[in-house]
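# Coordinate analysis (summary)
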Amino acid sequence: MENLSAYILLALRLLMTAALYAFLAWGFHTLWRDMRQQARQATQQRAPALVAMPNGSQEALRFTAPEVTIGRHPSCEWLLADDTVSSRHARLSFHHDQWWLEDLGSRNGTMLNGEALSAPVVLADHDEVLCGQVGFVVRFERASEEGR
């Protein structure tokens with residue numbers, strides 16, 4: 001009789017262990033599915049178009065990508081052929097529903113409305129940016145303008 005209760009106790013322990021692992025697997029699967037869904041939703045959010053008006057130019061540059069690197073290096077989305085601009089000078093990025101400007105450790109610095117950048121900052125419509133000696137004004141397109 002004592003031997004039979006030991007087998008029953010072992011079976012119950014194995015059953016409880018299997019139930020625990022099944023619960024953990026279900027929990028991890030649910031978390032993974034939710035994270036995948038959130039990532040899918042985040043990638044479907046579109047950044048509003050950012051328009052840059054270089055000083056002394058009538059031609060506006062329009063960016064719709066969520067990240068724009070400014071510099072002289074060919075891998076940059078916005079190439080500036082000026083000796084005062086570093087190879088990877090600054091970055092414009094859209095996250096947390098706002099456009100941000102960040103200096104990438106450039107030699108001549110990045111200025112926003114006459115102030116040197118020391119950390120990433122949120123951009124506002126009609127902000128004036130200076131990368132080295134190349135200046136431009138930032139403007140955001142509204143949804144009604146994008147449909148044109």
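Refer to the structure above for everything that follows.
Basis of the calculations
Residues numbered from 1 in each chain as written. Predicted model: local features only at pLDDT ≥ 70, side-chain atom pairs only at ≥ 80, totals over all residues. Heavy atoms only, no water. Pairing = 2+ DSSP bridges. Helix = DSSP H or I, 4+ residues; strand = E, 2+ residues; numbered from the N terminus. Phe/Tyr/Trp six-rings, centres within 6.5 Å; stacked < 30°, edge-to-face > 60°. Buried < 20%, exposed > 50% of the residue type's maximum accessible area, 1.4 Å probe, protein only.

Relative to strand β6 (residues 98-103), strand β5 (residues 90-95) runs antiparallel, the two being bridged by 6 bridges. When the bridges of β6 are listed, S93 appears paired with W100. Hairpin connection between β5 and β6: a loop of 2 residues separates the two successive antiparallel strands, and H96 in this loop has a positive phi of roughly 55°. Where β6 and strand β9 (residues 121-122) come together, 2 bridges link them in antiparallel fashion. Across the sheet, the residue bridging to L101 is V121, located in β9.

Moving on, we come to the sheet that holds β5. Two strands in a sheet stick together by hydrogen bonds in their backbones, pointing the same way (parallel) or opposite ways (antiparallel). Spatial strand order, β4-β3-β5-β6-β9: 5 strands in an open sheet with mixed pairing. Edge positions in the open sheet fall to β4 (78-79) and β9, since each of these has one partner strand only. Of the pairings in the sheet, the one linking strand β3 (residues 67-71) to β5 comprises 4 bridges and is antiparallel in character. Each residue of the ladder has a partner; that of E67, found in β5, is S93.

Take the packing of aromatic side chains next. The description of two aromatic rings rests on the distance between their centres and on the angle between their planes. Going through the model one piece at a time under the given rule, you end up with 4 aromatic pairs. When the ring of F63 is compared with that of W78, the centres are 5.5 Å apart and the planes differ by 45°; the resulting orientation is tilted. Of the two residues, F63 is situated in strand β2 (residues 61-63) and W78 in strand β4; the sequence distance between them amounts to 15 residues. For the pair formed by F63 and W78, the shared burial category is buried. Through successive ring pairs, a cluster of aromatic residues spans F63, W78 and F136.

Pairing is antiparallel in the open sheet, where 6 strands are placed in the order β2-β1-β11-β10-β7-β8. Whereas interior strands pair on both sides, the edge strands pair on one side only; in this sheet they are β2 and β8 (115-116). Sheet topology note: the strand β1 (residues 50-54)/β2 ladder contains 3 bridges and is antiparallel. The residue of β2 that forms the bridge with A52 is L61.

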